[in-house]
Amino acid sequence: MTPTSRDDFLGNVRRALGRSSPSAVPEYAPLKIRRNDQRQKVVTIEARIQARRAELLDRLSNEASDRGWQVCRAPSSEEAVAYLVALASRKRAGLIVRSNHQVFQNVPLDDALRNHGGRVTVVATDRRTSREALRQEMGRADMGITGVDYAIAETGTCVLVPRKGVSRVVSLLPPIHVALVEPHQVYETLDDLFALRRLAFLLGRGDMGSYLSFISGPSRTADIEQTIVEGVHGPVEAHMVILESAEG
Amino acid sequence: MQIKTQNFTKASSRALADEQLQHSLNGIVEGFDHARQEAIRELTPETWDTYRDRAREIKRHTIEHLDYYLGLLADRIQDRGGTVHFAQQSSDAVDVVLDLARARGVKLVTKGKSMVSEEMDLDSALEADGIEAVETDLGEYIIQLAEETPSHLIAPAMHKTKEQVAELFREKLGARRLRSIRDMTVAARRTLRGKFLQADMGITGVNFAVAETGTIVIVSNEGNGRMCTSLPKIHVAIMGMERIVPALEDMAVMLRLLPRAATGQEITSYVTMVSGPRRAQDEDGPEEFHLVILDNGRSKLLADPDLREALYCIRCGACLNACPVYQKVGGHAYGWVYQGPIGAVITPVMVGLPKAKDLPFASTLCGACREVCPVRIDIPRMLLKLRTQVSEGDRSQRKVSLRERLVIGVWSRIVSSERSLALARGVAAFIQRPFSRLGHVRRIPLPPFSRWTRNRDFPALARHSFHKLWAKELKSNDS
């Protein structure tokens, strides 16, 4: 199917570089770090984060607000549930979809939302529900609620790693996205996050999942007259609920 | 995209006379360039420069070993179940996409923003094959409906006013009562949402490709990139072969640079990293992932050590926003996919210098592009190199006329001796007398100088030359 063979293509690149044979493996420090050293790097990161947790939660919260997240800092899971219920009723969210992140074990919001008249669907394929049906549901939903896999204080970003129970689009199709962040998921910088993901890559024999979603506020555009409008193809509103004391 | 680079002079005259375009161009400067400056101030210029040095080193290293990293990227993507297609020419890349679409009976394609697909003229190739291809970036969607071409790397519809967009949406989408930009955005959201859900194939560009992990990175704000990579059964990503970084951890600095340089954002709303098709256990995602890697003349830039660093470009558009020429003539004048200073370097090499010999001259060499570039590309140096090629290259490419060379020859004779300069000055001062007023010459009736004074005044020669002043007063004051 390839119209240009790999050898021809790379051969042409090589000639342009003035070489006649394939270049040897170049010396490049970040690629030299093997599994154990990468693990050590992550241990160092974790220790640094551990010592500065409270400060990082503040920074995350500030940066997230600057990115357009509506931030709620919830001292307890009850308060997180209360925020979500209030939001759902304010928005008249009748149809709610959520991911199957671990965090929902500690934050029992399904019943609370149902008690207020909402319908909650967990987006996780099983024998009873087809992918197509779930997609329809997500397309109609008024609100999508997810956990996160990491949060980055530097940029006010939630990072999601789609997998079983974590759809790519619960956080994308509904007009409102709510992300629940647990304290142990918060890292300081983009460098921290990529060090962690590289370790996952090295440990997973080259597999680190098929997808990684960085979300920093609502969807937006400035394509007409450089005027910023929030809510293009993705959510109009993005809410970040930071659980201050949840157990990891 | 059809090459219209030959028409630069005419197209820029038209642009200068277009008041509405001039207004839009002011908006670009106000919007993007000021936001960029503000973002750098906030980060501190010192930190910004550290990131720029780091990013430049990453790109330099990668480009010097591009064959190795392309091989590594292809291997790692195949390890993850993706398919890699190499394409020398843009027509090869078109064939790859058409073959894939035909074999799977694709009827509807949703497309993310991709400048490389503009090089390929992919939309019209798909349409010609009976496949509906819908641009989903709002700016790209607007110009697709208007049947126009992008005028800015990151704001493709910057030349359109909201009134024009409202009229366009009324005509093409039947959307009425679009009073605000928000209304227009909602109208586009509604129409495109249906397309996303029905599309059989998603096509996206690639902002970065991480060789080590076999990952492509898409940076976006609207969410259309996420739609295109999540909903259709097949995802085809198209990249220019220079988009690579070696290591995953290199992405930290790139993600700090690109959004700040482009729009002044600390980070975009979305960064999407794709490593192959969905796994069996995943809830969603495409069943197939294809990566098309295109050369299309990039190896010509690579082969010239003086122009190689043009391949470091991360397509942020900062050099457009900062360029006094782009700020006046806008993107369409450049006549192809890539506009502004970086376009003036890469376009002539990619489409051939004879067709684009005006572009290297579309610069004042003020150096603003080099100053704002997040990877410190020395664009003015490369423009000079291309100018040399134009003026010293074979006769067919030569831009410099006999008359111009004659004038320059006489000029250099005059200025090479003090006596001849003083003499010429005296003559010129005498001649200018009837034409000069308040220190300016409004009109020189003698070609080629008359062309200069058609659009601007020429500063008149001072009453007393510096040489005379020096001899008379300054020298004695000093001693």
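Draft legend 1. A look at the layout of surface pockets. Taken as a whole, the second largest pocket holds about 1100 Å³ of empty space. Contributing to the lining of the second largest pocket are 50 residues, with B:I154, B:V219, B:N221, B:T263 and B:T268 lying nearest its centre. Within the residue set of the lining of the second largest pocket, elements represented by two or more residues are β10 (220-221) of chain A together with α2 (19-43), α6 (115-120), β6 (215-220), α11 (224-230), β7 (234-240) and α12 (251-263) of chain B. It is α12(B) that contributes the most residues to the lining of the second largest pocket, four residues altogether. A class-by-class count of the residues in the lining of the second largest pocket yields 20 nonpolar, 18 polar and 12 charged.

Draft legend 2. Quick peek at the sheet that holds strand β12 (residues 440-441) of chain B. All names here are of chain B. Pairing in this open sheet of three strands is antiparallel, and the strands run β11-β12-β13 from one edge to the other. Looking at which strands have only one partner, the edges of the open sheet turn out to be β11 (436-437) and β13 (458-459). The pairing of β12 with β13 spans two bridges and is classified as antiparallel. Across the sheet, the residue bridging to V441 is F458, located in β13.

Draft legend 3. Quick peek at empty space enclosed by the protein. Residues and elements named next belong to chain B. Applying the stated criterion across every chain, the model contains three cavities of 30 Å³ or more. In this structure, the largest cavity spans a volume of roughly 100 Å³. Taken together, 15 residues form the lining of the largest cavity, with C313, C316, C319, C373 and P374 sitting closest to its centre. Split by residue class, the lining of the largest cavity holds 13 nonpolar, one polar and one charged. Volume-wise, the second largest cavity comes out at about 70 Å³. Surrounding the second largest cavity, C323, P324, P341, A362, S363, T364, L365, C366, G367, A368 and C369 form its lining. Split by residue class, the lining of the second largest cavity holds eight nonpolar, three polar and no charged.

Draft legend 4. Quick peek at helix α8 (residues 138-145) of chain B. Across the eight residues that make up α8(B), a large majority, seven, are buried. B:L138, B:G139, B:E140, B:Y141, B:I142, B:I143 and B:L145 are the residues of α8(B) that are buried. Where α8(B) is buried, its residues contact β10 of chain A together with α6, β3 (132-135), α9 (162-173) and α10 (181-198) of chain B. Of the residues that open α8(B), the one with a side-chain oxygen 3.1 Å from the backbone nitrogen of B:G139 is B:D137. One or two positions beyond α8(B), positive phi appears at B:E147, with a value near 55 degrees.

Draft legend 5. Representation of a positive patch on the surface within the structure. All names here are of chain A. Together, R34, R35, R39 and R205 make up a region of like positive charge exposed at the surface. Note on placement: R39 falls in helix α3 (residues 35-51). Classification of R39 by relative accessible area gives partly exposed; the value is 38%.

Draft legend 6. View of helix α4 (residues 53-66) of chain A. Residues and elements named next belong to chain A. Over its 14 residues, α4 runs 20 Å from end to end, which matches the ideal 20 Å to within 8%, given 1.5 Å per residue. Those residues of α4 not exposed but buried are R53, L56, L57, L60, S61, E63 and A64. Just past α4, the residue G68 takes up positive phi, approximately 100 degrees.

Draft legend 7. Spotlight on the interface of chain A and chain B. Facing the 85 residues of chain A at the interface are 105 residues of chain B. At the boundary of chain A with chain B, total buried surface from both sides reaches about 7900 Å², with 55% on carbon and sulfur atoms. Scanning the region where chain A abuts chain B turns up 10 salt bridges. Taking the shortest distance from any N to any O, the salt bridge between B:D67 and A:R19 comes out at 3.6 Å. Taken together, the connections running from chain A to chain B amount to 51 residue pairs in polar contact (both at pLDDT 80 or more). Of all the elements in the fold, those that place two or more residues in the side of chain A that touches chain B are α1 (6-16), α2 (29-32), α3, α7 (131-140), α8 (190-203), β9 (211-215), β10 and β11 (229-230) of chain A.

Draft legend 8. Highlighting the packing of aromatic side chains. Following the criterion strictly, the structure yields nine aromatic pairs over all chains and no others. Residues A:F9 and B:F86 carry aromatic rings whose centres are separated by 4.8 Å and whose planes lie at 40 degrees to one another, so their mutual orientation is tilted. One end of the pair, A:F9, is in helix α1; the other, B:F86, is in strand β1 (residues 83-87), on a second chain. Accessibility assignment for this pair places A:F9 and B:F86 in one class, buried. A centroid spacing of 5.9 Å and a plane angle of 75 degrees characterise the contact between B:W336 and B:Y338, whose relative ring orientation is edge-to-face. The class of B:Y338 is buried, set by a relative accessible area of 0%. Each residue in the set B:F8, B:Y326 and B:Y334 is aromatic and connected to the rest through ring pairs, giving one cluster. Its guanidinium or amino end placed over the ring of A:Y211, A:R168 lies 3.9 Å from that ring's centre, counting from NZ or CZ.

Draft legend 9. Looking closely at a nonpolar patch on the surface. A cluster of nonpolar residues, B:L423, B:V427, B:F430, B:I431 and B:F435, forms a patch on the protein surface that exposes about 520 Å² of accessible area. Structurally, B:F430 is set in helix α20 (residues 418-432).

Draft legend 10. View of the confidence of the model for chain B. Scored by pLDDT, chain B comes out at a mean of 93, with 98% of its residues at no less than 70. In the predicted complex, the global pTM is 0.92; the interface-specific ipTM is 0.96.

Draft legend 11. Up close: the packing of α8(B) against α9(B). All names here are of chain B. Two elements in contact, α8 and α9, have axes whose closest approach is 10 Å; the angle formed by their N-to-C orientations is 65 degrees. Viewed along their axes, α8 and α9 form a crossing whose handedness is left-handed. Contacts between α8 and α9 involve L138, Y141, I142 and L145 from the former and V165, L168, F169, K172 and L173 from the latter. The class makeup of the residues in the contact of α8 with α9 is eight nonpolar, no polar and one charged.

What counts, and where the lines are drawn
- Residues numbered from 1 in each chain as written.
- Chains lettered and ligands numbered in written order.
- Predicted model: local features only at pLDDT ≥ 70, side-chain atom pairs only at ≥ 80, totals over all residues.
- Heavy atoms only, no water.
- 1 Å grid on protein atoms, 1.4 Å probe; cavity = no way out; pocket = protein on both sides within 12 Å on 5 of 7 lines; lining within 4 Å.
- Points joined across faces, edges and corners; volume = space filled by probe spheres on them.
- Helix = DSSP H or I, 4+ residues; strand = E, 2+ residues; numbered from the N terminus.
- Nonpolar A, V, L, I, M, F, W, Y, C, P; charged D, E, K, R; others polar.
- Pairing = 2+ DSSP bridges.
- Buried < 20%, exposed > 50% of the residue type's maximum accessible area, 1.4 Å probe, protein only.
- Contact = heavy atoms within 4.5 Å.
- Polar contact = N/O pair within 3.5 Å; in protein donor to acceptor, adjacent residues only side chain to side chain.
- Patch = residues over 30% accessible without salt bridge, like charges linked within 9 Å, V, L, I, M, F, W, Y side chains within 5 Å.
- Areas by Shrake-Rupley, 256 points an atom, 1.4 Å probe, with all protein chains shown as cover.
- Salt bridge = Lys/Arg side-chain N within 4 Å of Asp/Glu carboxyl O.
- Lys, Arg positive; Asp, Glu negative; His and termini not counted.
- Charge placed at Lys NZ, Arg CZ, Asp CG, Glu CD.
- Expected span 1.5 Å × (residues − 1).
- Buried area = accessible area lost by both parts, 1.4 Å probe.
- Phe/Tyr/Trp six-rings, centres within 6.5 Å; stacked < 30°, edge-to-face > 60°.
- Lys NZ or Arg CZ within 6 Å of the ring centre and 35° of its normal.
- pLDDT = per-residue confidence, 0-100.
- Axes fitted to C-alpha atoms, helices over the stretch in contact; angles between N-to-C directions.
- Left-handed = near helix turned anticlockwise from the far one by under 90°.

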